[in-house]
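What follows is each chain in one-letter form.
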Amino acid sequence: MWQNCLPLVQQQESPLQCMKSRKSKRRAVSCPGFLEVWHRSSVRSIRGYIIENILVALICIRLCTLYTFLPECRILCAHAFLLFLPESKPAGEWDAVRKEIEAILEDNPDNGPFFTRLAWHCAGSYDKNDNSGGSNGATMRFSPEADHGGNAGLDLARDLLEDVKAAHPSLSYADIYTFAGVAAIEAMGGPKIKWNAGRTDFSAGEGVTPDGRLPDATQGPEHLRAIFNRMGFNDQEIVALSGAHALGFCHDDRSGFVGPWTDTPHEFSNKYFQYMLNKKWQLKKWNGPAQFENADDGTLMMLPTDMALLTDTSFRQWVDVYAADSDAFSKDFAAAFSKLLELGVPRS
């Protein structure tokens, strides 16, 4: 029901405008009298009277059931409901952060996949067994986590966000790093991802996690399960999250591997799964670690952990689903990525 009410806040006059700016008696009587009296007398102190808040909330819920007959009630209901939302950083500040991140992507589109990887690796250190690691703390800023092999090159991504932090000093690094991944995915055509602020920054040496918690791309399906099950993910979520490989490149000076997974590395899509199924893959002949290349022209690549999704029957069923249905992939990826970014974040 709230979904029916809230959009009207942006489309029509506020209750105060309805009651004060219109002097026409005909207009005034369209607003329920008892709500007009309540709004004038108590809106300034609504946050101070919990019992009154509860009563008004119940009235608002009742008014939402009457929206067909009393459209003004929908406006009043929506505005009153917004008064009960918990306080947080103004939405306008995060809107500004998003614009600053998008400007960084416009300067260099490669930074979109870069920020996605940063957010991913900030959260990927989580261990559900002792609740250590995760995206809270922004511990990647410090050694030894900054020096872990899986985080090679991410110092460059963090440096790109220093100006954002300087412009918004009250926001935590941990929130900025994870939000940068969300904003980047959405800017690259990906799904809307649920994200909440509230992470804090740890001091150097606090919340340190051991190396080896991120996936090793040279391994197979059982390694993937060991890594992702430790974080609380099932086989379907593992495959959905792997779909982020539709974005970006591997760099031999960071991971040791080289090349993009798709021919549109700055565009969120299900091509990763489609190409995995529909192209012929062969081992790349080179001096680097084992990786696969497409047989027709060798311009694309797959890692051993990518190919493991084809050989394992449980993983393979989800590869088939996502290759055939981009909407299903987008939906499941958004849910899994949101879950990933919440790992290790204390919520009351």
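Anything mentioned here points back to the structure above.
If you're wondering where the values come from, they're calculated on a predicted model, not measured in any experiment.

Caption draft 1: Just the overall build of the protein, in detail. Looking only at helices and strands, one finds 18 helices and five strands in the protein. Within the protein, the fraction of its 348 residues that count as buried is 48%. By sequence separation, contacts in the protein at least 24 residues apart represent 68% of the contacts at least 6 residues apart. Carbon together with sulfur atoms contributes 54% to the accessible area of the protein, which is approximately 17200 Å² in total.

Caption draft 2: Region of interest: the packing of helix 15 (residues 271-278) against helix 16 (residues 304-311). One can describe the packing of helix 15 onto helix 16 by two numbers: an axis separation of 11 Å at closest approach and a directional angle of 70 degrees. The pairing of helix 15 with helix 16 is recorded here as roughly perpendicular in orientation. Judged by the sense of rotation from one axis to the other, the crossing of helix 15 with helix 16 is right-handed. The segment helix 15 lies against helix 16, with Y272, M276 and L277 engaging D306, L309 and L310.

Caption draft 3: Layout of the packing of aromatic side chains. Counted under the stated rule, the structure contains 15 aromatic pairs. An angle of 55 degrees between the planes, with centres 4.9 Å apart, marks the rings of F179 and W195 as tilted. A residue pair is termed long-range when its members are at least 10 positions apart, and F179 in helix 12 (residues 173-187) and W195 in the loop between helix 12 and helix 13 (221-231) qualify at 16 residues. Overall, the relative accessible area of 5% leaves F179 in the buried class. Look at W195 and you get buried, because its relative accessible area is 15%. Both rings, one in F273 and one in Y322, keep their centres 5.5 Å apart while their planes meet at 50 degrees; by these two values the pair is tilted. Of this pair, F273 sits in helix 15 while Y322 sits in helix 17 (residues 313-324); the two residues are 49 residues apart in sequence, bridging distant segments of the chain. Taken as a pair, F273 and Y322 share a single burial class, namely buried. Within the aromatic cluster, the residues linked to one another by ring pairs are F268, Y272, F273, W318, Y322, F329, F333 and F337. One residue, R225, lies across the ring of F315, its end atom 4.3 Å from the ring centre. Between K284 and the ring centre of W286, over which it is positioned, the NZ or CZ distance is 5.6 Å.

Caption draft 4: Main features of a negative patch on the surface. Together, D155, D159, E162 and D163 line one region of the surface with negative charge. Put simply, the parts of the chain that give the negative patch at least two residues each are helix 10 (154-160) and helix 11 (162-167). Note that D155 resides in helix 10. Judged by its relative accessible area of 36%, D155 falls in the partly exposed class.

Caption draft 5: Inspection of the pattern of salt bridges at higher detail. All chains considered together, the criterion is met by 14 salt bridges. Residue R225 pairs with D235 through a salt bridge whose shortest N-O separation is 3.0 Å. With a gap of ten residues between them, R225 in helix 13 and D235 in helix 14 (residues 235-242) connect regions that are remote in the sequence. Residue classification places R225 among the buried positions, given a relative accessible area of 14%.

Caption draft 6: Representation of helix 16 in the model. A large share of helix 16 lies buried, amounting to seven of its eight residues. For helix 16, every residue scored as buried is listed here: P304, T305, D306, M307, A308, L309 and L310.

Caption draft 7: Structural detail: the nonpolar core. Judged by nonpolar contacts, the single largest core of 76 residues is most densely connected at F115, L161, F228, M231, F333 and F337. Looking at which element gives the most residues to this core, the answer is helix 12, with ten residues.

Caption draft 8: Expanded view of empty space enclosed by the protein. The final tally for this structure, using the stated rule, is one cavity of 30 Å³ or more. What lines the largest cavity is T139, F142, S143, P144, E145, S203, G205, E206, G207 and V208. Of the residues belonging to the lining of the largest cavity, the class tally is three nonpolar, five polar and two charged.

Caption draft 9: How the structure looks around the side chain of H121. Among the secondary structure elements, H121 is positioned in helix 9 (residues 111-123). On the basis of relative accessibility, which here comes to 13%, the residue H121 falls in the buried class. One polar contact links the side chain of H121 to the main-chain carbonyl oxygen of G150, over a distance of 2.9 Å. Engagement of the side chain of H121 in a polar contact is seen with the side chain of N151, the distance being 3.1 Å. In contact with H121, other than residues within four places in its own chain, are M140, G150, N151, L154 and L214.

Cut-offs used in this document
Residues numbered from 1 in each chain as written. Predicted model: local features only at pLDDT ≥ 70, side-chain atom pairs only at ≥ 80, totals over all residues. Heavy atoms only, no water. Helix = DSSP H or I, 4+ residues; strand = E, 2+ residues; numbered from the N terminus. Buried < 20%, exposed > 50% of the residue type's maximum accessible area, 1.4 Å probe, protein only. Contact = heavy atoms within 4.5 Å. Areas by Shrake-Rupley, 256 points an atom, 1.4 Å probe, with all protein chains shown as cover. Axes fitted to C-alpha atoms, helices over the stretch in contact; angles between N-to-C directions. Parallel < 35°, antiparallel > 145°, perpendicular 65-115°, else oblique. Left-handed = near helix turned anticlockwise from the far one by under 90°. Phe/Tyr/Trp six-rings, centres within 6.5 Å; stacked < 30°, edge-to-face > 60°. Lys NZ or Arg CZ within 6 Å of the ring centre and 35° of its normal. Patch = residues over 30% accessible without salt bridge, like charges linked within 9 Å, V, L, I, M, F, W, Y side chains within 5 Å. Salt bridge = Lys/Arg side-chain N within 4 Å of Asp/Glu carboxyl O. Lys, Arg positive; Asp, Glu negative; His and termini not counted. Charge placed at Lys NZ, Arg CZ, Asp CG, Glu CD. Core = buried A, V, L, I, M, F, W, Y, C linked by side-chain atoms within 4.5 Å. 1 Å grid on protein atoms, 1.4 Å probe; cavity = no way out; pocket = protein on both sides within 12 Å on 5 of 7 lines; lining within 4 Å. Points joined across faces, edges and corners; volume = space filled by probe spheres on them. Nonpolar A, V, L, I, M, F, W, Y, C, P; charged D, E, K, R; others polar. Polar contact = N/O pair within 3.5 Å; in protein donor to acceptor, adjacent residues only side chain to side chain.

So, to be careful, I would describe these as geometric facts and stop short of saying anything about function.
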